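Notes for the structure review
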Amino acid sequence: MADDWKAPPEGGDEKSWKLLEKTLLATVEERRRARRWGIFFKLLGFAYLSTLLVMFSPALSLKEAARTGDHTALVEVRGVIADSEAASADNIVGSLRAAFKDKHTKGVVLRINSPGGSPVQSGYIYDEIRRLRAAHPDIKLYAVITDLGASGAYYIASAADAVYADKASLVGSIGVTAASFGFVEAMERLGVERRVYTAGEHKAFLDPFQPQKEGEVRFWREVLDVTHRQFIDSVKQGRGERLKDKDHPELFSGLVWSGEQALQLGLVDALGSASHVAREVVGAESLVDFTVRETPLDRFAKKLGTGVAERLEMWMGLQAPALR
């Protein structure tokens, strides 16, 4: 049949036949090319979907296979402690519960590198640590501060059985902060008029576009003082007689100290790393990480959910109290 394509039938126009042959061959080649591109795009789509599944699905952790023998459970507190961050109370508490529940856990190390954050989130973690310690008296929890364990991060650490730190770590900052801006003079110079409509005498209190009112400032300081007192009481309850606060009232002033200084002040119990604690204190050198790891999809959903609140906070120019 291939030979039939090479020669026109009797009486046929050879030029027209060659043109037809060329057109048919081009059509066949175009279809072949389309099939090849179709296969390519199908493979590309499969690779894309596979990547999405890997990124957005909870990772299959190799650490599960490691939980066959005695170990020291590791939970990380890294970064700002806030509802929308990796170091949220839900993530940390979930990690701690899993660590204490594992039958091969001989001790728990809470490795901290954080400037602090939300007093609510920090308090939640603090309370849960104390509850877990009471529920599992045979499993000790040790806080290990690496670079930074300040404010809300130290709040959490003070709930541990013992606190360790590197000699050069920064520890402490037992205080509360809330910040804003004042744009009153700038608006006057620009000729901008601020119009605020509220129901409630103090609904727009501390508005950065209006002059401060002495009574509202005094009220806000009282709120911060109450939060600071809660922080101090929790640290005292957690550290007990180990804290040298009677001789050093500046412990609660918001200052930070090196790990070596913190040891002398009773803020920490000893100097050491997570591996040192696992090996020398717990007696189970193998560290198994129980930290909940959020997927990119989880982080995106949280950012989307907190976006409105953050916008409102920016508009108001008011920052919630922070242990930071």
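Since we're looking at a predicted model, the values are computed, not measured.

Brief notes about the confidence of the model for the chain
Should pLDDT be low for a region, the predicted coordinates there are not to be read in detail. The predicted model of the chain has a mean per-residue pLDDT of 84, with 77% of residues at 70 or higher. Considering only residues more than four positions removed or in separate chains, one finds that residues 57-66, a stretch of pLDDT under 50, has seven contacts.

Here we look at helix 5 (residues 119-135)
Because an α-helix packs 3.6 residues into every turn, residues spaced three or four apart end up facing the same way. Along its 17 residues, helix 5 runs 24 Å from first to last C-alpha, staying within 8% of the 24 Å computed at 1.5 Å per residue. Residues of helix 5 that are buried in the fold lie against helix 4 (89-101), strand 2 (105-114), strand 3 (140-150), helix 6 (152-157) and helix 8 (214-239). Of the residues flanking the start of helix 5, the one acting as N-cap is S118, its side-chain oxygen 3.2 Å from the backbone nitrogen of V120.

Section: the nonpolar core
The biggest cluster of nonpolar side chains holds 46 residues, and the ones touching the most others in it are L96, L110 and L267. Among the elements that line this core, the one with the most residues is helix 4, at six residues. With near-sequence residues (within four places) excluded, L110 lies in contact with V75, V77, I92, L96, I129, L141, Y142, A143, V144 and I156. Among the nonpolar cores identified, the runner-up in size contains ten residues, and L74, Y142, V144 and A162 belong to it.

Examining the pattern of salt bridges
Once their charged atoms are close, side chains differing in charge can pair, the charge on each being opposite to the other. A complete count under the given rule lists 14 salt bridges for this structure. In this structure, E214 and R218 form a salt bridge, with 3.7 Å as the shortest nitrogen-oxygen distance. Of the two residues, E214 and R218 are both situated in helix 8; the distance of four residues between them amounts to about one turn of the helix. What makes R218 partly exposed here is its relative accessible area of 46%. A salt bridge links R279 to E280, with the shortest nitrogen-to-oxygen separation between them at 3.0 Å.

Examining the side chain of Q121
Relative to the helices and strands, Q121 resides in helix 5. At 2.7 Å, the side chain of Q121 and the backbone nitrogen of A89 are in polar contact. The contact partners of Q121, leaving out residues within four places of it in the chain, are I81, A82, D83, S88 and A89.

Description of the pairing of strand 2
Here strand 2 lies mainly inside the structure; seven of its ten residues are buried. With eight bridges joining them, strand 1 (residues 71-78) and strand 2 adopt parallel strand pairing. From the neighbouring strand, L74 faces strand 2, where its bridge partner is V109. After leaving strand 2, the chain enters helix 5 and then returns to the sheet as strand 3, a path that is right-handed.

What to know about the packing of helix 5 against helix 8
For any two helices packed against each other, the geometry comes down to the angle between their axes and how far apart the axes lie. Packing of helix 5 against helix 8 leaves a shortest axis separation of 12 Å and a crossing angle of 25 degrees. The pairing of helix 5 with helix 8 is recorded here as roughly parallel in orientation. Seen from above, helix 5 lies across helix 8 with left-handed handedness. Residues P119, Y126 and R130 of helix 5 pack against T227, S234, Q237 and G238 of helix 8. For the contact of helix 5 with helix 8, the per-class residue count stands at two nonpolar, four polar and one charged.

A short note on helix 10 (residues 274-282)
Among the residues making up helix 10, those that are buried are A274, V277, A278 and V282. Take helix 10 and look down its axis: the buried residues cluster within an arc of 100 degrees, on one side only. Packing partners of the buried residues in helix 10 comprise strand 1, strand 2, strand 3, strand 4 (162-165) and strand 8 (287-289). Backbone geometry just downstream of helix 10 places G283 in the positive-phi region, at approximately 85 degrees.

As for the packing of helix 4 against helix 5
Where helix 4 meets helix 5, the closest approach of the two axes is 9 Å, and the angle between their N-to-C directions is 10 degrees. The orientation of helix 4 with respect to helix 5, classified from their angle, is roughly parallel. On the side of helix 4, the interface is formed by A89, D90, I92, V93, L96, R97 and F100, while helix 5 contributes Q121, Y124, I125, E128, I129, R131 and L132. Of the residues in the contact of helix 4 with helix 5, the class split is nine nonpolar, one polar and four charged.

Concerning the pairing of strand 3
Across seven bridges, the pairing between strand 2 and strand 3 is parallel. The residue bridging I112 from the neighbouring strand is I145, located in strand 3. Pairing between strand 3 and strand 4: four bridges, direction parallel. Note that in strand 4 the partner of I145 across the bridge is A165. Handedness of the crossover joining strand 3 and strand 4 through helix 6: right-handed. Bridging between strand 3 and strand 5 (residues 170-172) involves three bridges; their strand directions are parallel. Bridge pairing in strand 5 links G149 to V171.

As for the packing of aromatic side chains
Following the criterion strictly, the structure yields seven aromatic pairs and no others. With 5.0 Å between their ring centres and 20 degrees between their planes, Y155 and F231 make a pair best called stacked. Taken as a pair, Y155 in helix 6 and F231 in helix 8 lie far apart in primary sequence, 76 residues in all. Look at Y155 and you get buried, because its relative accessible area is 9%. Pairing F205 with W220 gives two aromatic rings, centres 5.9 Å apart and planes at 70 degrees, and the pair type is edge-to-face. With F205 in the loop between helix 7 (184-190) and helix 8 and W220 in helix 8, this pair connects stretches of sequence that are 15 residues apart.

Calculation notes
- Residue positions within a chain follow its written sequence, with the count starting from 1.
- In view of the model being predicted, local features appear only for residues whose pLDDT reaches at least 70, and side-chain atom pairs are presented and counted only at 80 or more, with totals across whole chains, interfaces and linings using the full set of residues.
- The basis for every side-chain value is the complete set of heavy atoms in the structure, and neither hydrogens nor water enter the calculation.
- A residue's pLDDT is simply how confident the predictor is in it, with values from 0 to 100.
- Contacts are assigned to residue pairs that have any heavy atoms within 4.5 Å of one another.
- A run of H or I in DSSP becomes a helix once it reaches four residues, and a run of E becomes a strand once it reaches two; helices and strands are each numbered from the N terminus.
- One less than the number of residues in a helix, times 1.5 Å, gives the span that helix is expected to have.
- Pairs of N or O atoms are called polar contacts if they sit within 3.5 Å, as long as, within protein, a hydrogen donor faces a hydrogen acceptor (for residues adjacent in sequence, only side-chain-to-side-chain pairs).
- By nonpolar core we mean a set of buried residues, namely Ala, Val, Leu, Ile, Met, Phe, Trp, Tyr and Cys, connected to one another through side-chain atoms within 4.5 Å.
- Each residue gets one of three labels from its accessible area relative to the maximum for its type: buried under 20%, exposed over 50%, partly exposed in between, using a 1.4 Å probe on protein chains only.
- Salt bridge, as used here: a side-chain nitrogen of Lys or Arg that lies within 4 Å of a carboxyl oxygen of Asp or Glu.
- For two strands to count as paired, DSSP must find a minimum of two bridges between them.
- Looking down the strands as they point away from the viewer, one classifies a crossover as right-handed if the path from the first strand across the helix to the second runs clockwise.
- A fitted line through C-alpha atoms represents every axis, and for helices the fit uses only the stretch in contact; the resulting angles, taken between N-to-C directions, go from 0 to 180 degrees.
- Any angle from 65 to 115 degrees is called roughly perpendicular, while one under 35 is roughly parallel, one over 145 is roughly antiparallel, and all others are oblique.
- Working rule for handedness: look at the near helix, and if it is turned counterclockwise from the far one by less than a right angle, call the crossing left-handed; if clockwise, right-handed.
- Any residue that is not Ala, Val, Leu, Ile, Met, Phe, Trp, Tyr, Cys, Pro, Asp, Glu, Lys or Arg is counted as polar, Gly included; the first ten are nonpolar and the last four charged.
- An arc is given here, and it is the one of the directions from the helix axis to the C-beta atoms.
- Put simply, two rings from Phe, Tyr or Trp (the six-membered ring, in Trp's case) pair if the centres are within 6.5 Å, and we call them stacked under 30 degrees between planes, edge-to-face over 60, tilted for the rest.

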